[in-house]
Amino acid sequence: MKTSSDELVRLQKVILGDSLKIPNGVLEVLKSDIKGVLNSYFELKEESLKPEIEIDEEGLYHIKISAICTAVKKVKAL
Amino acid sequence: MSRVIVITSGKGGVGKTTVSANLALSLAAKGKKVVAVEGDIGLNNLDVVLGVEDKVVYDAGEVAMGKATVMQALVPINDRLSLFPATTGALNIVTADIFVDIIKELKKSFDYVLIDSPAGIEDNFHRAAMGAEEGLLVTTPHIPAVRDGYKTVKVLASYGITKVGLVINRVRGEYVADKMMLSPDEVAKVMQIPLYGILPEDDFVNLYGIADVKNKRSGIGYSYSLLASYVDGSDKKLYDCVSQYGGFIGKFRRWLNI
């Protein structure tokens, strides 16, 4: 059963999408792209990647990306 | 000084006309001279909710054509409340400019001019918004209604209506207490407009449209009385729909569904 907290998150996302004038699917595309980049460096935990976009009172966008990884991949440095 | 308030929503079916009628009755019960204006021309129902659909002689259409004066078209509800009707025939006759002139005329005789706007942001909304100085946004605590309401607030701002209060209708206190329904505070925070009123779900209003606004023991009546005080500025108290469902007795009440 959905709780009011779930509904609040949904509402905030819907309002944000309308405010940003971007389709709802854009966050999913962004998530997929970021996942591709981070996967090159980290062993990402499934479903832990969360991109969030917030708009402040001055109309500036705050983009936050959080993720949990289980290990760091060995990357050859130049 | 007279105030002109458009009562609007984004989504239809949230109880806008019911709120318009009951707020008008509540303000009148507080001694204010009020006129409720039918702004939903063509899909008018304010006359029905106020119970005077058979008393309408002239309407906005006849006023626009010069067949009646604004004051002749008024339908008295009680000593302090009148309805300014607009029936289907007025739809293509009453332009936004004529509507604004009618509102200006009504302002001279009433403390409050409440315009019941249609749902949505189409032509009828344009006419209703053109005549107003302030707004009351009615929504239910459900995502589609809040989303459309949020858009409507932005549209109102484009008409220069920046003083907008939020009224959350059909709140189920037991669901808010159980954290199954968005709380009025949460909705107001997301919408970023001040909360003016909380109206509980009420079977009597669902059936008959009108609340007993003079009866303080009636939850819905009391909530409308508080809303009228908030709008009027005489008191800034909000209806508490949750506390009766808190604690042991509240849990028992929820269990019994009363």
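Residues numbered from 1 in each chain as written. Chains lettered and ligands numbered in written order. Predicted model: local features only at pLDDT ≥ 70, side-chain atom pairs only at ≥ 80, totals over all residues.

A. Representation of the overall build of chain A in the model. Across its full length, chain A holds two helices and four strands. Reading chain A from its N end, one meets helices and strands in the order α-α-β-β-β-β. The proportion of buried residues among the 78 residues of chain A is 3%. Partitioning the intrachain contacts of chain A with sequence separation of at least 6 by distance along the chain shows that 49% fall at a separation of at least 24. (Helix = DSSP H or I, 4+ residues; strand = E, 2+ residues; numbered from the N terminus. Buried ≥ 20, exposed ≤ 12 C-beta atoms within 10 Å, placed from the backbone. Contact = placed C-beta atoms within 7 Å.)

B. Here's a closer look at the overall build of chain B. Helix and strand counts for chain B come out as 12 helices and eight strands. Taking 18 Å as the expected radius of gyration for a compact globule of 258 residues, we find that chain B reaches 18 Å, a close match to that expectation. Residue burial in chain B is summarised as follows: out of 258 residues, 50% are buried. Intrachain contacts of chain B at a sequence separation of at least 6 include 73% that bridge at least 24 residues. (Rg over C-alpha atoms; globule rule 2.2 N^0.38 Å.)

C. Representation of the nonpolar core. Counting residues in each nonpolar core, the largest one holds 82 residues, and the members touching the most others are Ala24, Val34, Ala36, Val113, Leu114, Ile115 and Val167 of chain B. When sequence neighbours within four positions are dropped, the list of residues in contact with Ala24 of chain B reads Val34, Ala36, Leu81 and Leu114 of chain B. (Core = buried A, V, L, I, M, F, W, Y, C linked by C-beta atoms within 7 Å.)

D. Spotlight on the interface of chain A and chain B. Listed as interface residues are 11 residues of chain A and, on the opposing side, 12 residues of chain B. The class makeup of the residues in the side of chain A that touches chain B is four nonpolar, four polar and three charged. (Nonpolar A, V, L, I, M, F, W, Y, C, P; charged D, E, K, R; others polar.)

E. Focus on the environment of Tyr112 of chain B. Residue and element names in this part refer to chain B. Structurally, Tyr112 is set in strand S5 (residues 112–116). Spatially, the C-alpha atoms of Tyr112 and Val34 are 4.7 Å apart, while their sequence positions differ by 78 residues. What Tyr112 contacts, discounting residues up to four positions off in sequence, is Arg3, Ile5, Leu27, Lys32 and Val34.

F. Examining the confidence of the model for chain B more closely. Chain-level pLDDT for chain B is 91 on average; 98% of the residues reach the 70-or-more range. The ipTM for the predicted assembly is 0.76, set against a pTM of 0.82. (pLDDT = per-residue confidence, 0-100.)

G. Seen up close, the sheet that holds strand S4 (residues 81–84) of chain B. Residue and element names in this part refer to chain B. Judged by pairing direction, the sheet is mixed, and its eight strands sit side by side in the order S3-S4-S2-S5-S1-S6-S7-S8 without closing on themselves. Edge positions in the sheet fall to strand S3 (75–76) and strand S8 (195–200), since each of these pairs with one other strand and no more. Two elements, strand S6 (residues 134–139) and strand S7 (residues 164–171), share five bridges in a ladder whose sense is parallel. By the bridge assignment, Leu136 is partnered in S7 with Gly165. Sitting on the sheet, helix H5 (residues 96–107) is in contact with strand S1 (3–8), strand S2 (34–38), S4 and S5, with an inclination near 150° to S5. The strands that helix H7 (residues 143–158) touches are S1, S6 and S7; relative to S6, the one it contacts most, it runs at about 170°. (Pairing = 2+ DSSP bridges. Axes fitted to C-alpha atoms, helices over the stretch in contact; angles between N-to-C directions.)

H. Geometry of unusual backbone geometry. Residue and element names in this part refer to chain B. With a phi close to 60°, Arg170 is a non-glycine residue in the positive phi region. Along the polypeptide, Arg170 turns up in strand S7. One non-glycine residue, Gln192, adopts positive backbone phi at about 60°. Inspection of the secondary structure puts Gln192 in the loop between helix H9 (184–191) and S8.

I. Broad picture of the packing of helix H1 (residues 4–20) of chain A against H7 of chain B. Here H1 of chain A crosses H7 of chain B at 30°, and the two axes come no closer than 10 Å. Between H1 of chain A and H7 of chain B, the interaxial angle falls into the category roughly parallel. In the crossing of H1 of chain A with H7 of chain B, the sense of the turn from one axis to the other is right-handed. Contacts between H1 of chain A and H7 of chain B pair Glu7, Arg10, Leu11, Val14, Ile15 and Asp18 of chain A from the former with Ile143, Val146, Arg147, Tyr150 and Lys151 of chain B from the latter. Along the lines of polarity and charge, the residues of the contact of H1 of chain A with H7 of chain B split into six nonpolar, no polar and five charged. (Parallel < 35°, antiparallel > 145°, perpendicular 65-115°, else oblique. Left-handed = near helix turned anticlockwise from the far one by under 90°.)

J. Geometry of the pairing of S6 of chain B. Residues and elements named next belong to chain B. The buried count for S6 comes to five of six residues, which makes it a mostly enclosed element. Two elements, S1 and S6, share four bridges in a ladder whose sense is parallel. In the sheet register, Ile5 faces S6, and the bridge partner there is Glu134.

K. Quick peek at the environment of Tyr224 of chain B. Residues and elements named next belong to chain B. Tracing the backbone shows Tyr224 in helix H11 (residues 219–232). Assessed through the 32 C-beta atoms surrounding it within 10 Å, Tyr224 is described here as buried. As a C-alpha pair, Tyr224 and Asp111 span 113 residues in sequence and 18 Å in three-dimensional space. Residues contacting Tyr224, with those up to four places away along its chain left out, are Asn22, Leu23, Ser26, Leu199, Ala211 and Val213.

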